[in-house]
Amino acid sequence: MFALLLIAPSWSWGESLQLPLTIPLPLLRNLIAQAAYPLAGEKAKILDAAHGCNQIVLSHLQLSEERGYLRFQTKVSMHWGTPVVDSCLTPFTWEGSVVLWQRPRIDGNWRLSFATADSAVFDKNNQPMHAVDLLWSLIKDHVHAYVDKITVDLAPPVSDVKAALLPMFDRDHQATALQFLAGMQPDRPLVHPESLSVNILADIALPRQTVNDQPAPQLSPQDYSRVLSLWRAWDDFLVLQLKQFAGAPLSEEERRILLNTMLTTRYAFTDAIEQNQLSTLFVRQQFLWGWSQLEPIFRNHLLGGSQTNILGYLAFFTANDALRILDSLGPAVGVEISEDGFRRLAALMSTESLQPGPPSSATDQRLRQVLGLDPLPDEPLPTDKPIPLPAAEENDPTSLLQPFPWRRFTHYFGLSSALAADQAAGQQDIREWTPEFVPAAELLPKVRDLLHGAATTQQDKLAAPAGTDDWFVTMILASAWQESCFRQFRILNKTITYTLSSNQTSVGIMQINEQIWRGVYNTKQLRWNIGYNSQAGCEIMALYLRDYMLKEKAPVDLTTPTGQRFLAAWLYALYNGGPAQMKPFLQRYKKENLYRAEQLFLAKFDAVATGEWTEAVHCLP
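Note that the structure is predicted; figures quoted are calculated from it, not measured. (Residues numbered from 1 in each chain as written. Predicted model: local features only at pLDDT ≥ 70, side-chain atom pairs only at ≥ 80, totals over all residues. Heavy atoms only, no water.)

1. Points about helix α17 (residues 561-577)
Okay, so step 1: The end-to-end C-alpha distance of α17 is 24 Å, a good match for the 24 Å that 17 residues give at a rise of 1.5 Å each.
Okay, so step 2: In terms of burial, α17 is largely enclosed, as 12 of its 17 residues are buried.
Okay, so step 3: Along α17, the residues classified as buried are Gly563, Gln564, Phe566, Leu567, Ala568, Ala569, Trp570, Leu571, Tyr572, Ala573, Leu574 and Tyr575.
Okay, so step 4: Downstream of α17 by one or two residues, Gly578 has phi in the positive range, about 85 degrees. (Helix = DSSP H or I, 4+ residues; strand = E, 2+ residues; numbered from the N terminus. Expected span 1.5 Å × (residues − 1). Buried < 20%, exposed > 50% of the residue type's maximum accessible area, 1.4 Å probe, protein only.)

Okay, structure coming up:
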């Protein structure tokens, strides 16, 4: 990783910077193994002569720090004899290990190498031994010589870092950026207990700062569209970072940090939109904060592993940390996050590229895996577009079908009746969940059974007190009542369409926020599949319980009726406002000053808990 150290504290016309490029020793070990141990099982046959009579094989590389040196230990298998024609006379074999204490060095072309200062020989039981002349001569002539020639080329990751950093400087500072990047030079490498660092020396021009008290100018529609596109690129980049941990043995806390990072940035984005505060500065701050959350997890799971893209991850770490510290130097540096910069950073860690354009509606199963969620398959949809109502209602559900200009043409190929039947069945299914077509006395039992089934599936996975006594089922029914009045569909502009919140963000019976949960769920399924929407809402609430609320000490006993009522209101607050509502709700509860929506929800929760609630539903036709 890069960290920038400011040598001179004064703000003058320029600053000399030290950028330590830090390579964790497990990562360095893997880099050396890739370069010098190319055979299967990480072995290196450094000598194979006289038809196999004379062979030396290295294996089991270990790397550590000792007394400021790099301690390089490798097993050695040796077979040595005297070749005579096709025979190998008086051969001997030896197995043991060699330890070399090395000083790292780096040249002006960023090529890292190692000079041996001392060495020792150990037997196969790892006990020190005095090597006889022949054995020592073979070790010195072949093992020492081979190891001393090992190099690690750091030029590619440094070049990638430069390419990723350049588009992150604004147009007015491109010349400064080019000069800064071109002037990077390596300093003497240093060995630390857990890493090897290389101070990279560079100068950057910093004009004297002036105080600007003028408020930020109002964004034009074009600028706003550009910033919106930038944030979407950042969100895609964040999700791509999260997906790097698919299959990693994440701890519960690490998984919670990943989820929290995604939810916090997305909820902050929706707030910025509502408050008209979206800006490039907002995106840059989210990027820097996001990296501060993810960096330790990357370090734990990716830098020390056996990935083939080791240098890419090293460059990725380097560029992220460099951007964070460059930004801390102030606006005079000219750092401005860009879509091209996000694409270049993404290319360092993944072969999956960031795609420009509108966000996908599909479910990202790798993202769900990272968040600890089971696969959620899509189902065939009856439609994914609003259904126009016919001019006159008839009993036959096929009367909802609209004429198509090519209907007569398809009739000749036998397609018309099958198509009409499929469309009719799908549209009739939607009508059966639309309150304007189904009396409340018929609709509510159907909705109750659907939500009960989805809630029970999640309740069975929850720990007490959320997983007992149908508390979670009551929670879901009250939430669907408060959120949508049990409506997945509604009539609007003479069409049947999905229920949409007043701020145009949340859909369906459980009012799932499409922006917040993009990728975790299929947005088309959320809109047009009431069962899918119900499952998603139950899963989200279970997720909040599992990763947030049940890990915190509540101010009341959650096993009591009062505690269960408190838990329901607390969960409802998170369901609507995200993780940021964890502590504010507790303050509102303590002051007995709940939001109006929370008070209305609790009234519905109380009604559902009594079991006699269907007669109290007055928001349906």
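2. A few points about the packing of aromatic side chains
Okay, so step 1: Going through the model one piece at a time under the given rule, you end up with 31 aromatic pairs.
Okay, so step 2: Plain terms: the ring middles of Tyr498 and Trp528 are 5.4 Å apart, the flat faces sit at 90 degrees to each other, and that makes the pair edge-to-face. Here Tyr498, found in strand β14 (residues 495-498), pairs with Trp528, found in helix α15 (residues 523-528); they are 30 residues apart in sequence, far enough to count as distant.
Okay, so step 3: For Trp528, a relative accessible area of 3% corresponds to the buried category. (Phe/Tyr/Trp six-rings, centres within 6.5 Å; stacked < 30°, edge-to-face > 60°.)

3. Details of a nonpolar patch on the surface
Okay, so step 1: A contiguous nonpolar surface patch, about 270 Å² in accessible area, is contributed by Val84, Val85 and Leu89.
Okay, so step 2: Structurally, Val84 can be placed in strand β5 (residues 69-84).
Okay, so step 3: Residue classification places Val84 among the partly exposed residues on the basis of a relative accessible area of 36%. (Patch = residues over 30% accessible without salt bridge, like charges linked within 9 Å, V, L, I, M, F, W, Y side chains within 5 Å. Areas by Shrake-Rupley, 256 points an atom, 1.4 Å probe, with all protein chains shown as cover. Salt bridge = Lys/Arg side-chain N within 4 Å of Asp/Glu carboxyl O.)

4. Some thoughts on the state of the cysteines
Okay, so step 1: Going through the model one piece at a time under the given rule, you end up with 2 disulfides.
Okay, so step 2: Here Cys53 engages in a disulfide with Cys88; their sulfurs sit 1.9 Å apart. Around the S-S axis, the bridge from Cys53 to Cys88 shows a dihedral of about 70 degrees and counts as right-handed. Residue Cys53 is found in the loop between β3 (43-49) and β4 (54-66), and its partner Cys88 is found in strand β6 (residues 87-106); the two are separated by 35 residues along the sequence.
Okay, so step 3: The class of Cys88 is partly exposed, set by a relative accessible area of 27%. (Disulfide = S-S within 2.5 Å.)

5. Regarding the environment of Leu323
Okay, so step 1: Relative to the helices and strands, Leu323 is located in helix α8 (residues 310-328).
Okay, so step 2: Separated by 155 residues in the primary sequence, Leu323 and Met168 place their C-alpha atoms 8.1 Å from one another.
Okay, so step 3: With residues up to four places along the chain from it excluded, the contact list for Leu323 reads Leu165, Met168, Phe287, Leu288, Val335 and Leu345. (Contact = heavy atoms within 4.5 Å.)

6. Notes on the nonpolar core
Okay, so step 1: In this structure, Leu28, Phe180, Phe237, Phe298, Phe342, Phe472 and Trp517 are the most contacted members of the largest nonpolar core, which totals 184 residues.
Okay, so step 2: Looking at this core element by element, the count peaks at 11 residues for helix α5 (residues 221-243).
Okay, so step 3: Not counting chain neighbours up to four residues away, the residues in contact with Leu28 comprise Ile23, Leu63, Leu70, Leu112, Phe114 and Leu196. (Core = buried A, V, L, I, M, F, W, Y, C linked by side-chain atoms within 4.5 Å.)

7. Details of the confidence of the model for the protein chain
Okay, so step 1: Summing up the model confidence of the protein chain, the mean pLDDT is 86 and the portion of residues at 70 or higher is 89%.
Okay, so step 2: Within the protein chain, the lowest mean pLDDT, 33, falls on helix α11 (residues 407-411), and the highest, 97, falls on strand β16 (residues 512-513).
Okay, so step 3: Predicted confidence is poor over residues 1-12, with pLDDT under 50, and the contacts of this stretch with residues over four places away or in other chains come to 48 contacts. (pLDDT = per-residue confidence, 0-100.)

8. Topic: the packing of helix α13 (residues 440-459) against helix α16 (residues 530-547)
Okay, so step 1: Viewed as axis vectors pointing N to C, α13 and α16 meet at an angle of 35 degrees, and their least axial separation amounts to 9 Å. In the packing of α13 onto α16, the handedness of the crossing is right-handed. Counted together, Leu450, Leu451, Ala454, Ala455 and Gln458 of α13 and Ile530, Gly531, Ser534, Gln535, Cys538, Glu539 and Ala542 of α16 form the full contact between these two elements.
Okay, so step 2: For the contact of α13 with α16, the per-class residue count stands at 7 nonpolar, 4 polar and 1 charged. (Axes fitted to C-alpha atoms, helices over the stretch in contact; angles between N-to-C directions. Left-handed = near helix turned anticlockwise from the far one by under 90°. Nonpolar A, V, L, I, M, F, W, Y, C, P; charged D, E, K, R; others polar.)

9. Structural notes on the pattern of salt bridges
It is possible for side chains bearing opposite charge to pair when their charged atoms get close.
Okay, so step 1: Counted by the stated rule, this structure contains 29 salt bridges.
Okay, so step 2: Among the salt bridges present, the one from Arg368 reaches Glu539, with a minimum N-O distance of 2.9 Å. Of this pair, Arg368 sits in helix α10 (residues 365-370) while Glu539 sits in helix α16, and the two are 171 residues apart along the sequence. Each member of the pair, Arg368 as well as Glu539, carries the same accessibility label: buried.
Okay, so step 3: We note a salt bridge from Asp384 to Lys385, for which the minimum N-O separation is 3.3 Å.
Okay, so step 4: Given the relative accessible area of 53%, Lys385 is considered exposed.
Okay, so step 5: When salt bridges that share partners are traced, they join Asp235, Asp236, Arg266 and Arg518 into one network.

10. Digging into the sheet that holds strand β12 (residues 387-388)
Okay, so step 1: Within the open sheet, the 3 strands sit side by side as β12-β14-β13. Their pairing is antiparallel. Two strands bound the open sheet, and with one partner strand each, they are β12 and β13 (489-492).
Okay, so step 2: As defined by bridge partners, β13 adjoins β14 across 4 bridges and the pair is classed as antiparallel. Across the sheet, Ile491 pairs through a bridge with Ile496, a residue of β14. (Pairing = 2+ DSSP bridges.)

11. Quick word on unusual backbone geometry
Okay, so step 1: You will see that Asn276, though not glycine, has its phi angle at about 55 degrees, which is positive.
Okay, so step 2: Summarising the element assignment, Asn276 is placed in the loop between α6 (252-274) and α7 (280-303).
Okay, so step 3: Located in the positive-phi region is Asn493, a residue other than glycine, with phi close to 55 degrees.
Okay, so step 4: Along the chain, Asn493 turns up in the loop between β13 and β14.
Okay, so step 5: Among the residues examined, Asn493 registers a relative accessible area of 66% and is labelled exposed.

12. Here's the deal with the packing of helix α14 (residues 471-484) against α16
Okay, so step 1: Put simply, α14 and α16 touch, their axes get as near as 11 Å, and they point 125 degrees apart. When the axes of α14 and α16 are compared, the pair comes out oblique. Judged by the twist between their axes, the crossing of α14 over α16 is right-handed. Side by side, α14 and α16 meet where Trp471, Phe472, Met475, Ile476 and Ser479 of the first sit next to Cys538, Met541, Ala542 and Leu545 of the second.
Okay, so step 2: Among the residues forming the contact of α14 with α16, the class breakdown is 8 nonpolar, 1 polar and no charged. (Parallel < 35°, antiparallel > 145°, perpendicular 65-115°, else oblique.)

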